[in-house]
Amino acid sequence: MSSKNDSTTETSPKGTVVLNEERCKGCTYCVRFCPTGALEMTDRLNPKGYRLPTLAHPEKCNGCDLCGMYCPDFAIYGKRLKKKQQEEE
Amino acid sequence: MTEIKAHPVDGLLRTDRIPHIWCPGCGVGTSVNCFTRAIEKVGMDLDKLHVVSGIGCTGRVAGYINVDSFHTTHGRALAFATGLSLSRPDSKVVVYSGDGDLTAIGGNHLIHAARRNVDMTVICVNNYTYGMTGGQVTPTTPDKALASTAPFGNYEYTFNVPHLAVSSGATYVARWTVFHVRQLTRAMTKALRHKGFSFIEVLSPCPTLYMRRNKLGAAVNLMEYFKENAVVQDGADTATVGLESGETIIGEFVNVRKPTLKECYEERMSEALGDEFVPYEGDK
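Okay, so let's go over this structure. Everything numeric here is computed off the predicted structure, so don't read it as measured data. (Residues numbered from 1 in each chain as written. Chains lettered and ligands numbered in written order. Predicted model: local features only at pLDDT ≥ 70, side-chain atom pairs only at ≥ 80, totals over all residues.)

**Details of the overall build of chain B**
Part 1: Within chain B, the regular secondary structure consists of 10 helices and eight strands.
Part 2: Computed over the C-alpha atoms, the radius of gyration of chain B is 19 Å, within 12% of the 19 Å expected from 2.2 N^0.38 for a compact globule of 284 residues.
Part 3: If you line up chain B on its principal axes, its C-alpha atoms span 65 × 50 × 35 Å.
Part 4: Out of the 284 residues in chain B, the part that is buried amounts to 48%.
Part 5: Within chain B, residue pairs in contact and separated by at least 24 positions form 68% of the contacts whose partners lie at least 6 positions apart. (Helix = DSSP H or I, 4+ residues; strand = E, 2+ residues; numbered from the N terminus. Rg over C-alpha atoms; globule rule 2.2 N^0.38 Å. Buried ≥ 20, exposed ≤ 12 C-beta atoms within 10 Å, placed from the backbone. Contact = placed C-beta atoms within 7 Å.)

Now the structure itself:
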């Protein structure tokens, strides 16, 4: 799957996360249990007043979707990027 | 970030009702997340899956999963599910309810459904309290924990729920926490494929009515506790897995195959009546 070229694998992310801000309740599970530490909490609030997470380190995300499994509110999920998308990112 | 907002499990949820009513950090949402992924993994016909819930926070699950579902009276989810399982023998019936509903108010139904080995899956989300009604003591509330009906701390003995299920006759019994999402999903997959009475206890945080009253911090703190302290002991003797010891022992405890209620009934009736007995094959 991943390129043999080290510089490519370092710079291009393998995955990304999608956040549905209206559903999020700011429980911090995704941030606390992200295995690569790619997510962080922000001070930004959603319309209901909950603090939102963000993908602070997009290069670390490998799209494992563990955030999507922990999310009690079905608000966030990770997805792997295809090789072409990786280069675009 | 891209603009596609549909969550991978949205297909199994009634998305018009989401955001749901559960508090921030409530473990019920995570367990439903695992359950929807288990349904996808098993790849079952959704017309042949029925979710039955009682009353309570976990009792709301039946209203959020987009399959045929029953929201029954308090504690009677198992009674409804037994009838459903017998009248639709080709379907899978799942009872999704809380500790108060299943072990306290529906305790009698739980032991008899397990004793008769009714073909169904029971998922019991144990959050140590009655969440929806104001944080009263349940049979699973730990020793000395505060509750609205125990302002000086709980003094009753605590139920060992997996041991109750095993000694009543359940044929698949596991306990996981909502921290162990992958293992929980795998256990739910096994339980859905299991023929007979399968029971999964899911330990879950109740941040609002249990943890705040007991000054245990946010929901994520109990998740951290599960991460650091839960001990996986597959096949452990369930008599030793009670939570009163302070240890959280989790894993798959029992997985055996025994004739179900319907199989026993058909065998007995065939022996007694011979050719006169016509087995019920469902409402065709």
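**Describing the sheet that holds strand β5 (residues 172-177) of chain B**
All names here are of chain B.
Part 1: Strand order in the open sheet formed by eight strands is β2-β1-β3-β4-β6-β5-β8-β7, with mixed pairing between adjacent strands. Each edge of the open sheet is held by one strand with a lone partner, namely β2 (68-71) and β7 (230-232). In this sheet, adjacent strand axes meet at a mean angle of 20° when their direction is disregarded.
Part 2: Note that strand β1 (residues 49-53) and strand β3 (residues 92-98) share four bridges and pair parallel. Bridged to histidine 50 within β3 is valine 93. (Pairing = 2+ DSSP bridges. Axes fitted to C-alpha atoms, helices over the stretch in contact; angles between N-to-C directions.)

**Remarks on the nonpolar core**
All names here are of chain B.
Part 1: Core analysis: the largest hydrophobic core is formed by 91 residues, its most contacted members being Phe199 and Ile200.
Part 2: It is helix α1 (residues 27-42) that provides the largest number of residues to this core, a total of six residues.
Part 3: Here phenylalanine 199 is in contact with Ala114, Val122, Cys124, Ala165, Ala170, Tyr172 and Val173, once residues within four sequence places are set aside. (Core = buried A, V, L, I, M, F, W, Y, C linked by C-beta atoms within 7 Å.)

**Re helix α9 (residues 219-229) of chain B**
Part 1: What α9(B) keeps buried is the set Ala219(B), Leu222(B), Met223(B) and Phe226(B). In a view along the axis of α9(B), the buried residues occupy a sector of 105°, so they form one face of it. What points out from α9(B), more than 90 degrees from its buried face, is the exposed set Glu228(B) and Asn229(B).
Part 2: Check the buried side of α9(B) and you find it contacts α2 (29-33) of chain A together with β5, β6 (197-203), α8 (207-211), β7 and β8 (248-255) of chain B. (Arc of directions from axis to C-beta.)

**Digging into the pairing of β5(B)**
Residue and element names in this part refer to chain B.
Part 1: Of all the six residues making up β5, six are buried; the element is thus mostly covered by neighbouring parts of the structure.
Part 2: By the alternation rule, side chains of β5 split into Tyr172, Ala174 and Trp176 and Val173, Arg175 and Thr177, which are all buried.
Part 3: Bridge count for β5 against β6 is six bridges, and the pairing is parallel. Looking at β6, one finds that threonine 177 is bridged to leucine 203.
Part 4: Chirality of the crossover, the property in question, places the unit of β5, helix α7 (residues 181-193) and β6 among those that are right-handed.
Part 5: Note: β5 against β8, four bridges, orientation antiparallel. In the strand pairing of β8, arginine 175 is matched with glycine 251. (Right-handed = clockwise from strand over helix to strand, strands pointing away.)

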